[in-house]
Amino acid sequence: MRYFIHLSYYGKKYRGWQRQPKAISVQEVLEDRLSQMLGHKTACFGCGRTDAEVHASQYIMHINTHEEFDYDPVFRLNKMLPNDIAIYSL
């Protein structure tokens, strides 16, 4: 199943969207928290890239998983994420 996720982030602490070696990125944080929530490694695919310390107020990404949610994944994921990343809908 493919799930689209609408989110925003304040990028001051991050080296942009895309995962990269030796620097923390928004994608890395989301993949780590999603993998923890779903119980298996989960990749995120963003709609584009941002540079270091850039913010995004309307960002769309997607994940592929066989998981069917019997809980509110938006609420659960927001509780797991740092305050500078917010999920609006899935």
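Our subject is the structure that appears above.
This structure is a prediction, so every number in the text was calculated from the model and none was measured. (Residues numbered from 1 in each chain as written. Predicted model: local features only at pLDDT ≥ 70, side-chain atom pairs only at ≥ 80, totals over all residues. Heavy atoms only, no water.)

J.: Go over the pattern of salt bridges, please, and point to the residues and values.
T.: Per the counting criterion, the structure on display carries 5 salt bridges. Measuring nitrogen to oxygen at the nearest pair gives 4.0 Å for the salt bridge that ties Arg15 to Glu53. Here the residue Arg15 occupies a position in the loop between strand S1 (2-9) and helix H1 (26-38), and Glu53 occupies one in the loop between strand S2 (45-46) and strand S3 (56-64), the gap between them amounting to 38 residues. Arg15 gets classed as partly exposed once you look at its relative accessible area, which sits at 44%. Here Glu31 and Arg19 are joined by a salt bridge, their closest N and O atoms 2.8 Å apart. A residue pair is termed long-range when its members are at least 10 positions apart, and Glu31 in helix H1 and Arg19 in the loop between S1 and H1 qualify at 12 residues. Residues joined in a network through salt bridges with shared partners are Lys12, Arg15 and Glu53. (Salt bridge = Lys/Arg side-chain N within 4 Å of Asp/Glu carboxyl O. Helix = DSSP H or I, 4+ residues; strand = E, 2+ residues; numbered from the N terminus. Buried < 20%, exposed > 50% of the residue type's maximum accessible area, 1.4 Å probe, protein only.)

J.: I'd like a description of the nonpolar core, backed by residues and values.
T.: Of all hydrophobic cores here, the largest spans 24 residues; its most connected members are Leu7, Leu30, Met61 and Ile85. Elements supplying a minimum of two residues to this core: S1, H1, S3, helix H2 (73-80) and strand S4 (85-89). With 6 residues, the top contributor of residues to this core is H1. (Core = buried A, V, L, I, M, F, W, Y, C linked by side-chain atoms within 4.5 Å.)

J.: Describe the sheet that holds S2, and please don't skip the residues or the numbers.
T.: If you walk across this open sheet you meet the 4 strands as S2-S3-S1-S4, and the pairing is antiparallel. A single partner strand is all that each edge strand has here, and the edge strands are S2 and S4. Sheet analysis places S1 next to S4, joined by 4 bridges and oriented antiparallel. Its bridge partner being in S4, His6 is matched across the sheet by Ser89. (Pairing = 2+ DSSP bridges.)

J.: Can you break down the packing of aromatic side chains residue by residue, with the values?
T.: Evaluation of the coordinates by the stated rule reveals 5 aromatic pairs. Relative to Tyr59, the ring of Trp17 has its centre 4.7 Å away and its plane inclined at 35°; by these criteria the two rings are tilted. Remark: Tyr59 occurs in strand S3 and Trp17 occurs in the loop between S1 and H1; sequence separation between them is 42 residues. Grouping residues by exposure puts Trp17 and Tyr59 together as buried. Three or more aromatic residues link up through ring pairs in this structure, and these residues are Tyr3, Phe69 and Tyr71. (Phe/Tyr/Trp six-rings, centres within 6.5 Å; stacked < 30°, edge-to-face > 60°.)

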